[in-house]
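Structure assessment
Chain by chain, the residues:
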Amino acid sequence: VLNVSTQPVPIGPDTRIWQMHSSQDDRVHSATLLDGATQAARGCLAYREDTQQFFYFPQRGFAYDECQIDKSGRWLLIKEKLSASTPDVDNRMIDLTTGVETDLLDQQGAGGHSDSGFGYMVAADDWHALPNAIRLWKFGTSPPGPGTVVYAGPPGFPQSVQHVSHANATTALLPEQQYVCGSGADSTNGPRVNEVVCFLLDGSGQVLVVAPVMTDMTAPGGGDAYGKLPKGNLDVTGQYFLWTSNVGTSRLDAFLVKVPAHVLTNLR
């Protein structure tokens, strides 16, 4: 589709890409651009395949994390610190059709771990008063938000959902009529901790516990603490959830569960 090393300066030949994402129709792609020698992040690029449009957004220089194109291929989300004083990464939301950028600061609820839908993202907000708060943020509003809180963990257990997946996003339904699933693991057990859970995006707080992740954070399988996390994903139909677990061993295996989504959606 595209060889970034053939792009002119300031990109040039000694570059590579990392953390690729694509729109649902496989038309628009995004990736982090790395320096080929140092592996340092230079910024984010996007490429529209049907029109051969190339977009490049160099990092601001404070701290870069990653970027992702949304399912529609219109909105690019870049996670990086916009100033040295920002506590953690902020969000740059860029409309590729107009070039207009809207920024959301970390302390305003900028998304940490997130996944996108068509024109919106479902993202963790670690500044919210509720534990493990996850919000629905819609792109294209200025100022952005406030995003609806669609999930909050039980009090005292802030690690119930550490990663969310919305690979089942569709244009046939409003965002509020859809659901996402997530997973997490922690050495301290508790309600929804160490489980696969799904929840509606309508702000109702309805949650479906699907399966245990079966991960032992003290077992060697998976390596470091981050590598052991299940980091699961839905399939595009939303019927299946796939994650990895060490099951208390030195291995890291993949597991698949069928999601009884009708139990959750019938609660609307």
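Remember, predicted model here, so these are calculated numbers, not experimental data.

This next bit is on the overall build of the protein. For the protein, the count of helices and strands is two helices and 19 strands. Whereas a compact globule of 268 residues would reach a radius of gyration of roughly 18 Å, the protein reaches 19 Å, a difference of no more than 12%. Along the first, second and third principal axes, the C-alpha atoms of the protein reach 50 × 40 × 40 Å. Here the protein, with 268 residues, has 46% of them falling under the buried criterion. Pairs at least 24 residues apart make up 42% of the contacts formed inside the protein by residues separated by at least 6 positions. Accessible area of the protein: about 12300 Å², with a carbon and sulfur share of 54%.

Quick look at the environment of Arg42 now. Here Arg42 lies in strand β3 (residues 41-48). Look at Arg42 and you get partly exposed, because its relative accessible area is 22%. Residues contacting Arg42, with those up to four places away along its chain left out, are Pro10, Ile11, Asp14, Thr15, Leu33, Leu34, Asp35, Tyr56, Pro58 and Gln59.

With that settled, consider the layout of surface pockets. Approximately 730 Å³ is the volume attributed to the largest pocket. The wall of the largest pocket is formed by 26 residues, among which His21, Glu66, Gln68, Ser114 and Asp115 lie closest to the centre. Secondary structure elements with two or more residues in the lining of the largest pocket: β1 (15-22), β5 (63-69), β6 (75-81), β9 (114-116) and β13 (163-165). Here the lining of the largest pocket takes five residues from β5, the largest share from any one element. Split by residue class, the lining of the largest pocket holds seven nonpolar, 13 polar and six charged. Each pocket or cavity is described by its volume, and for the second largest pocket that value is around 350 Å³. Along its surface, the second largest pocket is lined by 19 residues, and His113, Ala124, Asp125, Asp126 and Asn132 are the ones closest to its centre. Looking at side-chain class alone, the lining of the second largest pocket contains seven nonpolar, seven polar and five charged residues.

This part covers a nonpolar patch on the surface. Together, Tyr240, Leu242 and Leu256 line one region of the surface with nonpolar side chains, adding up to about 290 Å² of accessible area. Relative to the elements of secondary structure, Tyr240 occurs in strand β18 (residues 240-245).

Turning next to the packing of aromatic side chains. Following the criterion strictly, the structure yields four aromatic pairs and no others. On the basis of an interplanar angle of 35° and a centroid distance of 5.8 Å, the ring pair of Trp75 and Phe139 is categorised as tilted. Pair noted here: Trp75 is in strand β6 and Phe139 is in the loop between β11 (134-138) and β12 (148-151), with a separation of 64 residues, a long-range link. Using a relative accessible area of 11% as the deciding quantity, one classes Trp75 as buried.

Criteria and thresholds
- Residues numbered from 1 in each chain as written.
- Predicted model: local features only at pLDDT ≥ 70, side-chain atom pairs only at ≥ 80, totals over all residues.
- Heavy atoms only, no water.
- Helix = DSSP H or I, 4+ residues; strand = E, 2+ residues; numbered from the N terminus.
- Rg over C-alpha atoms; globule rule 2.2 N^0.38 Å.
- Buried < 20%, exposed > 50% of the residue type's maximum accessible area, 1.4 Å probe, protein only.
- Contact = heavy atoms within 4.5 Å.
- Areas by Shrake-Rupley, 256 points an atom, 1.4 Å probe, with all protein chains shown as cover.
- 1 Å grid on protein atoms, 1.4 Å probe; cavity = no way out; pocket = protein on both sides within 12 Å on 5 of 7 lines; lining within 4 Å.
- Points joined across faces, edges and corners; volume = space filled by probe spheres on them.
- Nonpolar A, V, L, I, M, F, W, Y, C, P; charged D, E, K, R; others polar.
- Patch = residues over 30% accessible without salt bridge, like charges linked within 9 Å, V, L, I, M, F, W, Y side chains within 5 Å.
- Salt bridge = Lys/Arg side-chain N within 4 Å of Asp/Glu carboxyl O.
- Phe/Tyr/Trp six-rings, centres within 6.5 Å; stacked < 30°, edge-to-face > 60°.

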